[in-house]
Amino acid sequence: MPTVKVRMREGKKQAIGKSLKAIVYRLKNNPTQPRRNSGFFVGVVMQDVEMMKLALRLARKGEGKVSLNPMVGAVVMKNGNIVGSGYHQKFGEPHAEINALNQAGKKAKGGILYLNLEPHSFYGKTPPCTDSIIKAGIKEVFCSMLDPNPRVNGKGIKKLMDEGIKVNLGLLADEAKRLNEVYLKYITTGMPFVILKVAQSLDGKIATLTGDSKWITSEDARDYVHRLRDKVDAVLVGSKTILKDNPGLTIHEKRGRNPKRIILTANGFIPPNSRILCDNKDGKTIVVTSKITPFLKGCGAKIWEIEKTKSDQINLRKFLKKAGQQGIASILVEGGQETFTSFLKERLVDKFYYFLSPKITGEGLDTFGDLKIERIKDSLELKDLTLKKFYKDYLLIGYPDWRN
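Here goes a summary of the coordinates provided.

1. Some words on the sheet that holds strand β6 (residues 193-201)
Taken together, nine strands build an open sheet; the order of strands is β11-β10-β9-β8-β12-β6-β13-β16-β15 and the sheet is mixed. Edge positions in the sheet fall to β11 (302-305) and β15 (381-389), since each of these pairs with one other strand and no more. Strand-to-strand twist of the sheet, defined as the mean angle between neighbouring strand axes without regard to direction, takes the value 25 degrees. The pairing of strand β10 (residues 285-289) with β11 spans four bridges and is classified as parallel. Of the residues in β11, the one forming a bridge with valine 287 is isoleucine 303. Sheet strands touched by helix α14 (residues 337-345): β6, β8 (234-238), β9 (260-265), β12 (330-335) and β13 (351-357). Its angle to β12, the strand with the most contacts, is close to 130 degrees.

Laid out in C-alpha cells, this is it:
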C-alpha cells in the first residue's frame, strides 16, 4: 500500500501535553483538519486514510442492528499489515474495538488502531473499550471524531493519552459524522432523526383523483423501501393513509426485522379491520392520538396520548420527544400529504428520500399541502444530493436547508 505523505500540518507542532479541554474545543470548531485540531503533528499517510475508510465500511455493516448505539468499525494494523478488524454487530454485544482486538490477539501489541468514533471509558452493557485497548498494547490510535455522548465526550481519548498512547483526531471526520447522523442527533437532542420518504409521479402527485396510489413506483424501488425500513427504528403514517391504502408497514420476509409502526390520528379513529392492527402479533404498533376512544383502549396497540396544537393537529415536537424517551432514534415518515406537510411546516425533517416515477397522472393528490411559501426564494431547498437510478424510477436523497 502506498505511503505518500499527505501534508496536513498547519502551524507549529504542539505538545501532546496540551489540555484536553483545548483539544476538544479546537476539534469541535474545525473537525476536518486532524493535525491542527488534535494539537498533534501526526504523520498521516495514504495508508492511514485507507485504513480509516475500511473502518467506516465495516461500521456501516451494523446499520439497523446497533440502535441506540453508534455504528463503529475498527482496524488493527501492524508493520503495514492488517492483523485484526471488526465492527459493532448488534446492540448489547461486544463493540468494534473488542472484535478487532480479539481477532488480532497478541499481534495487536505495538500496533495501530483505527476507529471512526471515540472509544468509551465507562461500564455500560459492555466493559470500557479503552481498558482493552490499553491492555492489548496498542501504541497509536487514529480516531475520526469525539463521541458527543456526555458520558464519553473526550474522556476516552484522555484515558488513552494518560497511558502514553498517541492519539490522532479528525481523520475523515465529515464521513464519520454522516455515517452516524442518526446517533449524533439522538444523543445530542434526545429526539429521533426524521426521514421523509416520498414516492410521487413526475407531475408531483402521490395519488390519482380517485385516491389510487398503487403502485406509483416499480417493484425494485419498493423493494429498496423495505430495506430502508429495516434500518430505522420506526415507520410513521397518518390515519388518512391507513384509511386509503391500508398498509401493513412491515418488511418482506428475509429482508430484515420489522420496525415499530406509528399511526398519527388526532381524532382517535382507525378502521378496526386495518392491517396495521390485525397483524400486530409482534406488538410493535403504536397509535399517537389526542383522543383516546373506547375502541383504541381495546385495539391491542400501544397508545400514546399527545396534546393537539391550535391547528387541531398532534403536537409533533412533543410526540418526537416522547419517541426519543421510548428509545426510538430514527423515524421514517411515509405519508400522506397532511403528515408530510405538518412535518415540513414544523421544520422537523432531517433527511429526504424522494422517489420520482416517470408517470404523469394529471389531476390528483399533491405531495404537499400549503406550506405558506409565497416567493420562490423562500422555498425549501435540498442540499448534499445523491441520485440513484432504478429500473424505471429515480431516487433523490438529500438534506433540507432550513436557512430560510
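Next comes the rest of the account.
2. Observations regarding the nonpolar core
By size, the foremost hydrophobic cluster in this structure holds 46 residues, and its most contacted members are Val76, Leu113, Tyr114, Ile133, Ile138 and Val141. Counting residues per element, this core draws most heavily on helix α3 (residues 46-60), which supplies eight residues. When neighbours within four sequence positions are excluded, valine 141 is seen to be in contact with Leu113, Leu115, Ile133, Leu160, Ile165, Lys166, Val167 and Asn168.

3. Remarks on the sheet that holds strand β3 (residues 112-115)
Judged by pairing direction, the sheet is mixed, and its five strands sit side by side in the order β2-β1-β3-β4-β5 without closing on themselves. Looking at the sheet topology across the chains shown, the edges are occupied by β2 (81-87) and β5 (166-169). If you compare each strand with its neighbour and ignore which way they point, the axes differ by 15 degrees on average. Across the sheet, α3 touches β1 (73-78), β2, β3 and β4 (140-143), and the angle it forms with β1 is around 145 degrees.

Thresholds applied
Residues numbered from 1 in each chain as written. Predicted model: local features only at pLDDT ≥ 70, side-chain atom pairs only at ≥ 80, totals over all residues. Heavy atoms only, no water. Pairing = 2+ DSSP bridges. Helix = DSSP H or I, 4+ residues; strand = E, 2+ residues; numbered from the N terminus. Axes fitted to C-alpha atoms, helices over the stretch in contact; angles between N-to-C directions. Contact = heavy atoms within 4.5 Å. Core = buried A, V, L, I, M, F, W, Y, C linked by side-chain atoms within 4.5 Å. Buried < 20%, exposed > 50% of the residue type's maximum accessible area, 1.4 Å probe, protein only.

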